[in-house]
Every structure is written in C-alpha cells, then in structure tokens.
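Working through the structure, step by step
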Amino acid sequence: AYYQFQIHNIHSDTLDIIMNGFKEQVKKSVYYKHLNNLYNTIRKVAISQPAPGFSIPDTDGNMVELDHFKGKYVLIDFWASWCAPCRAANPKLVEVYKQFSDKNFTIVGISVDKDEIHWKKAIETDKLPWINLSNLEGWDKVSETYGVKAIPQNFLLDTSGIIIEKNIEPENLIDRLDQLLADY
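Just so it is clear, the structure is predicted and the values come from calculations on it, not from any experiment.

Before going further, it helps to examine helix α6 (residues 116-125). Of all the positions in α6, only W119, A122 and I123 are classed as buried. Projected down its long axis, α6 shows its buried positions confined to an angular sector of 100°, all on one face. Exposed positions of α6 whose direction lies more than 90 degrees from the buried face are I117 and E124. In this structure D115 caps α6, since a side-chain oxygen of it lies 2.9 Å from the backbone nitrogen of I117.

So, in structure tokens, the structure goes:
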C-alpha cells in the first residue's frame, strides 16, 4: 500500500476504503503509522487540491517560489541526477517543453540531489531548458510535503495552482496539454 499510494493516482475514496479496511491489530503497527502519515500527506496533494507552496533555490542560488508561476500550466517534476528512470524521461520532457513552452506551459524541476556538481552536470548533459530547483538536501521538506518518497514523480497544475494530474507519462502529457492549451 505504501508504494501504491505514492506512485499511482488512487482516488481519495479508494484510499479511504483501503485505510479503513485494515484490522485493529494492523493499525497498531509501526508500518501502519508510516502508511497513515503518507496517506494524510497524499490527501493534501490529491487531484483538485491546491499545490503546496515552496521557496527553493535555482541553479544560481536565487529563491524561486511556486507563486511565480501563477497563470501558467506547470509540471512540477521531482527527479535526481542519480535516478536512471528520471534521466531516461528527460529527453521526452524536453520535447514536451519545446512543443508547449510558448503556449502558457512550463516545467519546474525539483531535484532531490545532495551533490551540486552532479545536479548541475545532469541539467547540462540532459539540456534541461526549464527552471531547475534544489535545496541540495536530498529528500527534504518539499518532497515530504508532496508525499514524494520515490522518483520520478510529477504534478500538473492548472493556471490557478490546482493539481489536475499526478505522475503523468510524457506521452499522455502531450495529449492533456493539447486539450488544455487548444486556445493558445
């Protein structure tokens, strides 16, 4: 359940059924406590919820806030330089960005790296043109707030900062953005 809650877009009512389905003996375990903490976090970042704000330094050390992107569709992409699936997805995301960045869409990369040199080298190597942020603290307060315990993970926000998709594959992202940005 812990893994499934993180990776899949399980609807809130289904999450409730799962959590309420555990027997009292299980609810007393340390494992249930961890799952319950994750469950409470995930409910806060569920589809239709406002994305939690953050203030994170970019590659130049300038603080960037989520509010800076109000009025745009935003894909918040949690990744790291050492994450092979993240790096494999980057070329596809670059193509999505090229296709839609002039149509009221952007990507904000949030890295869970600890090593600044590896982080910046990955950005350069993968030619990531969007804003990249990291506290360089690994799994930090921001990833915790979003319930991110494994990467890659992403959150698509509407122009008001409301979460409208989670963990959307790049191919599906193109279709979704075609729908959302048809008027741009």
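This brings us to the sheet that holds strand β4 (residues 105-111). The strand order across the open sheet built from five strands is β5-β4-β3-β6-β7, with neighbouring strands paired in mixed fashion. The open sheet terminates on both sides in strands that have one partner only, identified here as β5 (131-133) and β7 (163-166). Ignoring strand direction, the axes of neighbouring strands in this sheet form an average angle of 20°. Here strand β3 (residues 73-79) pairs with β4 via seven bridges, running parallel. Each residue of the ladder has a partner; that of Y73, found in β4, is F105. Sheet contacts for helix α5 (residues 84-100): β3 and β4; angle to β3, the most-contacted strand, approximately 165°.

This brings us to the pairing of β4. Counting buried residues along β4, seven of its seven residues qualify, which places the element largely inside the surrounding structure. Neither face of β4 is open: one carries F105, I107, G109 and S111, the other T106, V108 and I110, and all of them are buried. Between the parallel pair β3 and β4, the chain is carried across by α5, and the sense of this crossover is right-handed. Bridge analysis of β4 against β5 gives three bridges, and the strand direction is parallel. What sits directly across from V108, in β5, is I131.

Of note, N154 is situated in strand β6 (residues 153-157). Given the relative accessible area of 9%, N154 is considered buried. Sequence-wise, N154 and W79 are 75 residues apart; in three dimensions their C-alpha atoms are separated by 8.7 Å. From its side chain, N154 meets the backbone nitrogen of I168 in a polar contact 2.9 Å long.

What follows concerns empty space enclosed by the protein. Tallied over the entire structure, the rule returns one cavity of 30 Å³ or more. What the largest cavity holds in volume is close to 50 Å³. Forming the boundary of the largest cavity are L66, F69, K70, K72, V74, L157, D158, T159 and G161. Looking at side-chain class alone, the lining of the largest cavity contains four nonpolar, two polar and three charged residues.

Conventions we followed
- Positions within a chain are numbered from 1, following the residues in the order the chain's sequence is written.
- Given that this is a predicted model, residues contribute local features only at a pLDDT of at least 70 and side-chain atom pairs are listed and counted only at 80 or more, while totals for whole chains, interfaces and linings are drawn from all residues.
- With hydrogens and water set aside, each side-chain value is computed from the structure's full complement of heavy atoms.
- Exposure classes here rest on a 1.4 Å probe applied to the protein chains alone. A residue is buried below 20% of its type maximum, exposed above 50%, and partly exposed in between.
- Secondary structure elements follow DSSP: runs of H or I no shorter than four residues count as helices, runs of E no shorter than two count as strands, and numbering proceeds from the N terminus.
- The directions from the helix axis to the C-beta atoms are what the arc is built from.
- Whenever a nitrogen or oxygen atom comes within 3.5 Å of another N or O atom, the pair is scored as a polar contact, on the condition that within protein one atom can donate a hydrogen and the other can accept it, and that pairs from neighbouring residues in sequence are kept only if both atoms are in side chains.
- Two strands qualify as a pair provided DSSP detects at least 2 bridges between them.
- Axes here mean lines fitted to C-alpha atoms, for a helix over just the part in contact, with angles spanning 0 to 180 degrees between N-to-C directions.
- Any pair of residues with heavy atoms lying within 4.5 Å of one another is described as a contacting pair.
- Handedness of a crossover is defined as follows: with both strands directed away from the viewer, a clockwise route from the first strand across the helix to the second makes it right-handed.
- Computed over the protein atoms alone on a 1 Å grid, cavities are sets of points where a 1.4 Å probe fits but cannot get out and pockets are open sets with protein on both sides within 12 Å along at least five of seven lines; a residue lines them when it has an atom within 4 Å of a point.
- Grid points are joined across faces, edges and corners, and a volume is the space filled by probe spheres set on the points.
- Under this grouping Gly is polar, as are all residues other than the nonpolar Ala, Val, Leu, Ile, Met, Phe, Trp, Tyr, Cys and Pro and the charged Asp, Glu, Lys and Arg.

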